[in-house]
Amino acid sequence: MSLDIAFPLTATDEARRQVEICNACRYCEGYCSVFPAMFKERAFTDADLTQLANLCHNCRGCYHACQYTAPHEFDLNLPRALAEVRAESWERFAWPGAFAGMFHRSGVALGLALIAALAGLFWAISTLRPASGDGFYAALAHGTMVAIFLPAFLLPVFAFAIGLRRYWRETGGRRVTLAELAAALRDAARMKNLGGGQGQGCNYEKGDRFSNARRHAHQAMMWGFLLCFASTSSGTVMHYGLGMEAPYGPFAVPKLLGVPGGLLMVIGGAGLVALKLKAERHLGAPELWGGEMAFVLILTLTALTGLALYAATGTALVPGLLAVHLGTVLAFFLTAPYSKMAHGVYRMAALVRDAQGRTP
Amino acid sequence: MTDLTDLTATDWDVVVVGGGNAALCAAIEAAERGARVVLLEGAPKPYRGGNSRHTRNFRCMHGGPLSVLTDTYGEDEYFDDLIRVTKGETDEALARMTIRTSETCLPWMEAHGVRFQPSLSGTLSLSRTNAFFLGGGKALVNAYYNTAEDLRVTVVYEAQVRHVDIRDGHFRAVEAEIAGHPVRIEGRAVVLASGGFQADIDWLARAWGPAARNFLIRGTPYNRGVVLKDMLDQGAESVGDPTQCHAVAIDGRAPKYDGGIVTRLDCVPFSIVVNKDGARFYDEGEDVWPKRYAIWGRLVATQPDQVAYAIIDSQSINDFMPSVYPPVVADTIEGLGQQLGISGTKLRETVDAFNAACRPGRFHATELDGLATEGLTPAKTNWARPIEKGPFYGYSLRPGVTFTYLGLKVDETARVTGTGGRYDNVWAAGEIMAGSILGQGYLAGFGMTIGTVFGRIAGQEAAAHVA
């Protein structure tokens with residue numbers, strides 16, 4: 001008897017088949033959080049696999065260390081098996097379900113969303129031109145921007161909230177303590193699970209050699225994104241709380257946060273694109289490659305157009321660049337719950353859930 | 001792959017035969033000393049590394065905490081452990097040299113890319129004596145291939161060496177088949193590190209008897225002993241019992257080759273083990289499993305058709321490490337027997353006799369609990385708890401061969417001896433010479449120690465010879 005089964009397995013059943021082999025081996029215990037979490041179980045429910053799949057950061061250390069990868073008949077490829085389960089779980093959690101996976105699975109769809117958003121913004125800027133206003137408010141009134149972006153921000157937040165609730169229910173999460181949240185934030189802030197267990201990094205762009213390039217590029221993107229988010233938030237506070245309206249000078253808080261944030265995003269994005277081109281596609285979910293690449297590109301484009309807009313201050317390019325930048329941001333926000341952006345939300349949830357497992 | 005004409009045209013300093021831990025250590029040491037090295041690995045790239053890809057730790061002497069190792073593990077204690085398993089079948093001088101050298105090997109391994117991790121869950125008993133590789137043996141093999149590549153060692157996969165050309169005690173060339181083409185590769189020194197012969201079933205059957213055809217091979221199918229046989233045919237001195245191999249009892253459903261670690265079954269102490277006639281044949285509870293699992297390969301090998309069945313009930317199903325194959329399950333003992341292909345009636349009788357011989361007492365899975373049968377032959381001396389709570393579970397067991405003992409005799413410089421004394425320029429390392437030190441039995445992580453110590457020595461000596 002062998003482990004191969006005649007009919008094709010679902011992604012979850014295939015992951016279960018592989019995880020049961022891993023659980024009898026355990027050599028990979030030291031690479032990341034997935035294995036210690038796995039080795040506490042003897043049998044794996046669908047919910048266990050959802051949690052393991054979202055905890056996996058796809059560092060691929062376990063694949064290259066595995067004695068049982070193809071052509072071995074056990075045919076293990078855990079990074080891929082968990083990537084497939086992960087993708088399916090996001091689609092299950094997505095609200096509304098009609099959009100599930102739409103932009104995650106298809107780079108073309110994400111591109112079309114971008115074109116639609118750009119068209120919308122160009123239309124708004126060309127037809128809703130305000131009578132007065134300073135800086136980019138001369139091209140698009142503050143009230144119009146709020147009317148577009150407040151729903152564009154709240155809708156994905158709401159959709160993610162529903163998704164998180166579904167994730168928590170499925171994986172049996174408890175009430176979150178501050179200590180668990182802190183543990184998860186520490187792991188995310190350092191990208192511990194892309195560190196290979198000892199800080200040597202992942203096996204991504206150089207085969208079985210370890211490298212921290214992806215971890216560093218991801219850190220640049222993540223911290224850059226958070227700085228840009230903080231920049232926008234600080235602008236909102238200044239606008240409504242302090243009555244200080246844009247445009248802001250180069251040493252105002254939104255600029256001090258936004259410019260380095262944008263630069264980090266561009267550097268990180270360029271790095272992630274270059275690394276993704278070099279990496280072996282079959283160690284992730286190959287059918288998601290296009291959607292993932294489009295997601296990195298749209299994030300990078302968001303930062304790039306923001307920086308370009310700032311650089312063009314006072315020139316005739318502002319209205320056009322404003323439309324491009326805001327259109328990109330709009331497309332990013334509206335597609336977020338159904339694109340690769342979901343990874344940030346569910347992986348954070350998985351880290352918190354894992355911290356709960358570590359401190360029963 | 002390297003051009004075949006380049007291989008034959010190059011004047012190699014050191015030819016390394018094999019592609020596992022010992023071969024890589026030799027190649028790295030020689031290349032670091034400036035030698036031009038070619039490494040001939042018989043397996044294709046995905047299966048490179050021989051049995052090293054299935055290993056997980058390195059047994060290491062240490063006078064104080066060292067890397068992931070706790071406390072101390074001195075030369076005498078280490079040597080005592082070796083004497084206990086080999087029952088004296090060792091060369092004390094070589095063994096002690098190996099043990100002493102292991103302490104300096106660990107930092108060398110780390111410096112050449114190997115990463116260690118604290119003892120794996122379920123193996124805490126080894127945390128003082130054995131340093132575990134992060135990711136296991138294949139991760140170690142990967143690290144060494146990368147280091148070798150950085151040192152410009154030429155690596156050739158699917159290079160099956162057929163003959164070592166030695167004339168008047170002097171190595172000249174190896175004759176190999178690479179991707180179906182015969183190739184002669186000349187060199188000024190050779191390191192033989194191509195493992196034992198456990199994957200050659202015909203050889204096993206000749207040595208052990210026809211029963212060996214039913215054995216499973218736990219490791220690589222590429223260790224067929226071609227180089228070992230060629231050397232012995234040329235008069236190289238041998239060590240180790242040519243008829244013996246090390247075998248453990250593994251899941252009978254495991255692949256013929258390369259099943260590795262996951263095919264082990266840890267349920268025996270909590271079970272009764274019957275042969276295909278449904279009869280027990282040995283005390284399943286003799287000692288804790290890590291101390292006894294090595295003898296069960298031989299026990300099962302002597303049973304009809306080289307197969308046995310471990311029977312447990314639902315009380316014990318969670319008392320051991322999960323197995324890779326799910327057990328056969330049935331609600332009745334008779335039904336379980338039928339599913340396993342043994343007589344349900346006979347199995348029922350055996351279980352009834354066992355249950356009747358069990359005595360009340362405290363069952364304790366993780367220690368010798370002294371819960372023994374009375375008036376039963378053979379007795380079960382620990383963990384004898386009645387098998388009565390369904391559902392009932394069964395696993396088939398077969399002997400799984402880990403390695404063979406026959407090898408080339410070497411001296412403390414890893415040099416091989418032929419009919420006219422020591423060869424001028426032939427060294428051996430790893431499983432092909434391990435019988436010099438481990439003549440019998442098994443000591444966890446010691447194969448990697450022998451391979452590392454002798455691989456390094458062989459590489460250093462070969463490089464010094466050609467310098």
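Analysis parameters
- Sequence order as written defines the numbering, with residues in each chain counted from 1.
- Ligands are numbered from 1 and chains lettered from A, in the order in which they are written.
- Given that the model is predicted, a residue must reach a pLDDT of at least 70 before its local features are reported, and side-chain atom pairs must reach 80 or more before they are shown or counted; all residues, however, enter totals for whole chains, interfaces and linings.
- Strands are runs of DSSP state E lasting at least 2 residues, helices are runs of H or I lasting at least 4, and numbering of each runs from the N terminus.
- Both definitions apply: the radius of gyration is a C-alpha atom measure, and the globule rule equals 2.2 Å times residues to the power 0.38.
- Using C-beta atoms placed from the backbone, we call a residue buried if 20 or more other C-beta atoms fall within 10 Å of its own, exposed if 12 or fewer do, and partly exposed for counts in between.
- Remark: residues whose backbone-derived C-beta atoms lie within 7 Å of one another are considered to be in contact.
- Summary of the metric used: pLDDT quantifies the predictor's per-residue confidence within the range 0 to 100.
- For the domain bounds, the source is a domain assignment made automatically or taken from a database.
- Residues are grouped as follows: Ala, Val, Leu, Ile, Met, Phe, Trp, Tyr, Cys and Pro are nonpolar; Asp, Glu, Lys and Arg are charged; every other residue, Gly included, is polar.
- In this scheme, strands are said to pair when DSSP sees at least two bridges between them.

As a further point, take the overall build of chain B. Helices and strands together make up the secondary structure of chain B, namely 11 helices and 19 strands. Computed over its C-alpha atoms, the radius of gyration of chain B comes to 24 Å, within 12% of the 23 Å expected for a compact globule of 467 residues. Taking the principal axes of its C-alpha atoms as reference, chain B extends roughly 75 × 50 × 40 Å. Counting the 467 residues in chain B, one finds 55% classified as buried. Restricting the contact set of chain B to residue pairs at least 6 apart, pairs at least 24 apart contribute 75%.

In terms of regular secondary structure, chain A is built from 14 helices and 0 strands. Sequence-ordered secondary structure for chain A, helices as α and strands as β, is α-α-α-α-α-α-α-α-α-α-α-α-α-α. With the principal axes as the frame, chain A shows a C-alpha extent of 80 × 40 × 40 Å. For chain A, with 360 residues in total, the buried portion stands at 48%. Counting contacts in chain A only where the partners sit at least 6 residues apart, residues at least 24 apart contribute 74% of the total.

This part covers the confidence of the model for chain B. Of the residues in chain B, 99% reach a pLDDT of 70 or more, and the chain-wide mean stands at 95. Scored as a complex, the prediction yields pTM 0.94 and ipTM 0.94.

This part covers the domain arrangement of chain B. All names here are of chain B. With domains assigned, chain B is organised as domain 1 (4-242 + 405-466) and domain 2 (248-400). Centre-to-centre separation of domain 1 and domain 2, based on C-alpha positions: 35 Å. Split by residue class, the side of domain 1 that touches domain 2 holds 7 nonpolar, 6 polar and 1 charged.

Residue and element names in this part refer to chain B. Here we have 3 strands laid out as an open sheet, ordered 3-5-4, and antiparallel in their pairing. The two strands at the open ends of the sheet, each matched to only one other strand, are strand 3 (57-59) and strand 4 (116-117). Note that strand 3 and strand 5 (residues 130-133) share 3 bridges and pair antiparallel. Its bridge partner lying in strand 5, arginine 59 is registered against asparagine 130.

When a strand is regular, its side chains alternate between the sheet's two faces. All names here are of chain B. Bridge count between strand 1 (residues 12-17) and strand 9 (residues 181-192): 5 bridges; the pairing is parallel. For valine 14, the partnering residue across the bridge sits in strand 9 and is alanine 189. The sheet contact formed by strand 8 (residues 170-178) and strand 9 spans 6 bridges and is antiparallel. For glutamate 177, the partnering residue across the bridge sits in strand 9 and is proline 182. The antiparallel hairpin formed by strand 8 and strand 9 contains 2 residues in its connecting segment, where alanine 179 sits at a positive phi of about 50°. Note: strand 9 against strand 19 (residues 421-428), 3 bridges, orientation parallel. Bridged to valine 190 within strand 19 is valine 426.

Glancing now at the environment of alanine 355 of chain A. All names here are of chain A. Mapping alanine 355 onto the fold places it in helix 14 (residues 342-358). Spatially, the C-alpha atom of alanine 355 lies 9.8 Å from that of alanine 37, the residues being 318 residues apart in sequence. For alanine 355, the residues in contact, after removing those within four places along its chain, are Glu180, Ala183 and Ala184.

Residues and elements named next belong to chain A. Looking at the assigned domains, one finds that chain A contains domain 1 (11-91) and domain 2 (98-358). Computed over C-alpha atoms, the centres of domain 1 and domain 2 are 28 Å apart. Contacts between domain 1 and domain 2 engage 25 residues on the former and 27 residues on the latter. Counting residues per element, the ones that place at least two in the side of domain 1 that touches domain 2 are helix 3 (46-55), helix 4 (61-65) and helix 5 (78-93). If you tally residues by element for the side of domain 1 that touches domain 2, the top one is helix 5, at 7 residues.

So, on to the interface of chain A and chain B. Contact with chain A, which involves 28 residues of that partner, is made by 27 residues of chain B. Listed by contribution, the elements that provide at least two residues to the side of chain A that touches chain B are helix 1 (11-25) and helix 4 of chain A. Counting residues per element, the side of chain A that touches chain B draws most heavily on helix 1 of chain A, at 5 residues. For the side of chain A that touches chain B, the per-class residue count stands at 11 nonpolar, 10 polar and 7 charged.

Another aspect to go through is unusual backbone geometry. What you tend to see is this: most non-glycine residues have negative phi, and most peptide bonds are trans. For the bond from alanine 70 of chain A to proline 71 of chain A, the omega torsion is 10°, close enough to zero to count as cis. Mapped onto the elements of the fold, proline 71 of chain A is located in the loop between helix 4 and helix 5. Across the junction of glycine 390 of chain B and proline 391 of chain B, the peptide omega takes the value 0°, indicating a cis bond. For proline 391 of chain B, the location among the structural elements is in the loop between helix 10 (344-357) and strand 16 (392-404).

Moving on: the environment of glycine 50 of chain B. All names here are of chain B. One can find glycine 50 in the loop between strand 2 (37-40) and strand 3. On the neighbour-count criterion, glycine 50 (31 C-beta atoms within 10 Å) is buried. As for glycine 50 and glycine 195, which are separated by 145 residues in sequence, their C-alpha atoms are 7.6 Å apart. Those residues within four positions of glycine 50 in sequence are excluded, and the remaining contacts are Gly18, Gly19, Gly20, Gly195, Thr220, Tyr222 and Asn223.

Turning our eyes to something else, we now look at the pairing of strand 13 (residues 272-275) of chain B. Residue and element names in this part refer to chain B. Because side chains alternate across strand 13, one face comprises the buried residues Ile272 and Val274, and the other comprises Val273 and Asn275, equally buried. As judged from the 4 bridges shared by strand 13 and strand 14 (residues 308-313), these two strands associate in the antiparallel manner. Pairing of valine 273 across the sheet is with alanine 310, part of strand 14.

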